[in-house]
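Survey of secondary and tertiary structure
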Amino acid sequence: MSASGAVWRNWGRTEAVRPRRVERPTSAGAVQRAVIAAARSGIPIKAVGAGHSFTGIAVAPGVQLDLTALTGLIGVDAERKRVTLAAGTRLYDVPALIEPLGLAMPNLGDIDRQSISGAISTGTHGTGADFTGIAGQVRGAVIVTGDGSLLRISETENAELLPAVALGLGALGILVEITLQCVDCFALHARERPLPLKGLLDAEPGDDGSLADRVRSSDHFEFYWFPHTRTAVSKTNTRLPSSASLAPLTPVAHWLEDVALTNGIYRATCAAAVAAPSIIPRVNGMAERLMGNREFTDRSHRVFATRRTVRFREMEYAIPAETVPDALRDIMKLIDTRGWRISFPIEVRFARGDDLWMSTAHGRDSGYIAVHRYYREDPTEYFEAVEQIMLGYEGRPHWGKMHTRQSDDLRAMYPRFDDFLAVRDRLDPQRVFANPYLNRVLGE
């Protein structure tokens, strides 16, 4: 089914495009037909998910494939605890599909609005020293390649392609099915506490309470810091069996902090700060005092993900985990030296190294530092200055978040970069799936 394209915008309002046409396939066969037609016409074709990337990775100037109708559970391997999902399935729909099977995804990010194909293709991750990003859960996939062929990838079929296709940037084909490695259902005990930032960063590795100790001793640890304050708001999630007693947030507590404060009041103060930046230190000080001091226990997906309605723009870099304290101190010094007023917190998370060719955690345990700006503020100067700091720590940019790196820069960051390009040449030699962003980061 085709229609002339209206203007499409991503969630962060950093990208917009008017596709030549939009198609909404309801089957893998329909995706094949759309790719074949686009290739014959010499028109590029791209799949789009939820639009939660801040980069132009899913921008489709030619044919935009809306995969909303390709959703749901396709298959189950109960013995190996694996499920196969249609590529357009949104992360927030997955628990209802697999929880009745006694299964859960091992880890999630803090937003679950994305499609599963978009999440793995951009390197979406959560936090936890023993856990990879979501793409690390992929055990198989079915993709439509540049000539419209249907290609199956698993541990027994075309296995050599799995490290490329599991995190393929949308450059290798259109994903139609994804097989994930799941785990038994589990609960999470969430503990959110304010911590003195200086103590967290300055304690030596091996000391109790040091950042390295907290990351190593916790199932899932992260923290965020509001600039112009002295406190880190920490989140420590401990895994419990599904039989554990639950003590979820009450509806009133959930509304007060997650709806009224985190989204409602914070949206209003961010908007006010655009007109009067001088209020930002006071606003951040209020957030420092009011947020991050609670405990609750709930099913895993209800703890991992939170609702975010305040629109922002984001840049995130992965650096070797042990360098996070030094990098964060450099960013703090930068903000002070420039005299900037930054309303959005800086978020710090961690992930285990993996062997996916284009993963930001390829070959090393990684710390992730994310910087944000309210979407009505110009992030350029702040983001570019932080980016230079991250590059000094061998940083790799998140594929779905704002950055300025190009293919020559990225080749030096990824040992398997040219191997990935060779797979691209094999699966999409005519660059049917190219767009300006992929041309920039991979070359033409």
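Refer to the structure presented above.
On a predicted model such as this, the values are computed, not experimentally measured, just so you know.

Observations regarding the packing of helix α10 (residues 324–338) against helix α11 (residues 380–391)
One can describe the packing of α10 onto α11 by two numbers: an axis separation of 10 Å at closest approach and a directional angle of 145°. In terms of crossing hand, the pair formed by α10 and α11 is right-handed. Contacts between α10 and α11 involve Ala327, Asp330, Ile331, Leu334, Ile335 and Arg338 on the former and, on the latter, Glu381, Tyr382, Ala385, Val386, Ile389 and Met390. Partitioning the contact of α10 with α11 into residue classes produces nine nonpolar, no polar and three charged.

Quick word on the nonpolar core
By size, the foremost hydrophobic cluster in this structure holds 78 residues, and its most contacted members are Trp399, Phe420 and Leu442. For leucine 442, the contacting residues outside a window of four places in its chain are Leu169, Ala171, Met358, Ser407, Phe417, Phe420, Leu421 and Arg424. In this structure, Trp225, Val324, Ile346 and Phe350 belong to the second largest nonpolar core, which totals 33 residues.

A word on the packing of aromatic side chains
Two measures describe an aromatic ring pair: the distance that separates the ring centres and the angle between the ring planes. Applying the stated criterion across every chain, the model contains eleven aromatic pairs. On the basis of an interplanar angle of 50° and a centroid distance of 5.5 Å, the ring pair of phenylalanine 312 and phenylalanine 344 is categorised as tilted. On the criterion of sequence distance, the pair formed by phenylalanine 312 in strand β18 (residues 312–320) and phenylalanine 344 in the loop between α10 and β19 (346–351) is long-range, its members being 32 residues apart. What makes phenylalanine 344 buried here is its relative accessible area of 7%. A centroid spacing of 5.7 Å and a plane angle of 75° characterise the contact between tryptophan 340 and tyrosine 382, whose relative ring orientation is edge-to-face. Remark: tyrosine 382 occurs in helix α11 and tryptophan 340 occurs in the loop between α10 and β19; sequence separation between them is 42 residues. Accessibility assignment for this pair places tryptophan 340 and tyrosine 382 in one class, buried.

Observations concerning the side chain of histidine 403
Relative to the assigned elements, histidine 403 resides in the loop between β21 (396–397) and α12 (407–413). Using a relative accessible area of 8% as the deciding quantity, one classes histidine 403 as buried. One polar contact links histidine 403 to tyrosine 437, side chain to side chain, over a distance of 2.9 Å.

Here's the deal with the pairing of strand β10 (residues 138–144)
Here β10 lies mainly inside the structure; six of its seven residues are buried. Relative to strand β12 (residues 174–181), β10 runs antiparallel, the two being bridged by six bridges. Bridge pairing in β12 links valine 138 to leucine 180. Once β10 ends, the chain turns through five residues before running back antiparallel as strand β11 (residues 150–153), passing glycine 148 with a positive phi of about 90°.

Observations regarding the sheet that holds β21
Overall, antiparallel pairing links the eight strands, which are arranged β17-β14-β16-β15-β19-β20-β18-β21 in an open sheet. Whereas interior strands pair on both sides, the edge strands pair on one side only; in this sheet they are β17 (294–299) and β21. Relative to strand β20 (residues 366–374), β19 runs antiparallel, the two being bridged by five bridges. Paired with alanine 351 across the two strands is serine 366, which belongs to β20. The sheet strands contacting α10 are β15 (220–225), β18, β19 and β20, and the helix crosses β19 at an angle near 165°.

A few points about the pattern of salt bridges
Where charged atoms from two side chains of opposite charge come close, those side chains can pair. The final tally for this structure, using the stated rule, is 30 salt bridges. For the salt bridge of arginine 349 with glutamate 316, the shortest nitrogen-to-oxygen distance reads 3.1 Å. Here glutamate 316 lies in strand β18 and arginine 349 lies in strand β19, a separation of 33 residues in the sequence. When sorted by exposure, arginine 349 lands in the same class as glutamate 316, which is buried. For lysine 401, the salt bridge goes to glutamate 316, with nearest N and O atoms at 3.3 Å. Highlighted residues: lysine 401 in the loop between β21 and α12 and glutamate 316 in strand β18, separated in sequence by 85 residues. Neither lysine 401 nor glutamate 316 differs from the other in exposure class; each is buried.

Digging into the layout of surface pockets
Its boundaries defined by the atoms lining it, the largest pocket holds a volume of some 620 Å³. If you go around the largest pocket, you meet 30 residues; those closest to its centre are His301, Arg302, Val303, Ala305 and Thr306. Breaking the lining of the largest pocket down by element, the ones donating at least two residues are β14 (186–196), β15, β16 (231–241), α7 (251–275), β17 and α9 (300–304). Along the lines of polarity and charge, the residues of the lining of the largest pocket split into ten nonpolar, eight polar and twelve charged.

Some details on empty space enclosed by the protein
Per the stated rule, a full pass over the model turns up six cavities of 30 Å³ or more. If you add up the space inside the largest cavity, you get close to 640 Å³. Ser53, Gln114, Gly118, Ala119 and Thr122 are the residues nearest the centre of the largest cavity, which is lined by 42 residues in total. Listing elements by their share of the lining of the largest cavity, those giving two or more residues are β5 (45–48), α3 (116–122), β12, β18 and β19. Broken down by element, the residue count for the lining of the largest cavity peaks at five residues, all from α3.

Details of the environment of aspartate 419
Along the chain, aspartate 419 turns up in helix α13 (residues 417–427). A C-alpha to C-alpha distance of 32 Å links aspartate 419 and leucine 73, two positions 346 residues apart in sequence. Side-chain polar atoms of aspartate 419 contact the side chain of arginine 416, separated by 2.4 Å.

Observations concerning α13
Where α13 is concerned, the buried positions are Phe417, Phe420, Leu421, Val423, Arg424 and Leu427. Buried residues in α13, looked at end-on, bunch into an arc of 155°, giving them a common side. Against the buried residues of α13 lie β10, β11, α4 (162–165), α12 and α14 (436–442).

Quick look at a nonpolar patch on the surface
Taken together, the side chains of Leu73, Val76 and Leu101 present a nonpolar region at the surface, about 220 Å² in accessible area. In this fold, leucine 101 is placed in the loop between α2 (94–98) and β9 (103–104). The class for leucine 101 is partly exposed, based on a relative accessible area of 41%.

Cut-off values and rules
- Residues numbered from 1 in each chain as written.
- Predicted model: local features only at pLDDT ≥ 70, side-chain atom pairs only at ≥ 80, totals over all residues.
- Heavy atoms only, no water.
- Axes fitted to C-alpha atoms, helices over the stretch in contact; angles between N-to-C directions.
- Helix = DSSP H or I, 4+ residues; strand = E, 2+ residues; numbered from the N terminus.
- Left-handed = near helix turned anticlockwise from the far one by under 90°.
- Contact = heavy atoms within 4.5 Å.
- Nonpolar A, V, L, I, M, F, W, Y, C, P; charged D, E, K, R; others polar.
- Core = buried A, V, L, I, M, F, W, Y, C linked by side-chain atoms within 4.5 Å.
- Buried < 20%, exposed > 50% of the residue type's maximum accessible area, 1.4 Å probe, protein only.
- Phe/Tyr/Trp six-rings, centres within 6.5 Å; stacked < 30°, edge-to-face > 60°.
- Polar contact = N/O pair within 3.5 Å; in protein donor to acceptor, adjacent residues only side chain to side chain.
- Pairing = 2+ DSSP bridges.
- Salt bridge = Lys/Arg side-chain N within 4 Å of Asp/Glu carboxyl O.
- 1 Å grid on protein atoms, 1.4 Å probe; cavity = no way out; pocket = protein on both sides within 12 Å on 5 of 7 lines; lining within 4 Å.
- Points joined across faces, edges and corners; volume = space filled by probe spheres on them.
- Arc of directions from axis to C-beta.
- Patch = residues over 30% accessible without salt bridge, like charges linked within 9 Å, V, L, I, M, F, W, Y side chains within 5 Å.
- Areas by Shrake-Rupley, 256 points an atom, 1.4 Å probe, with all protein chains shown as cover.

Purely geometric stuff here, so don't read any function into it on its own.
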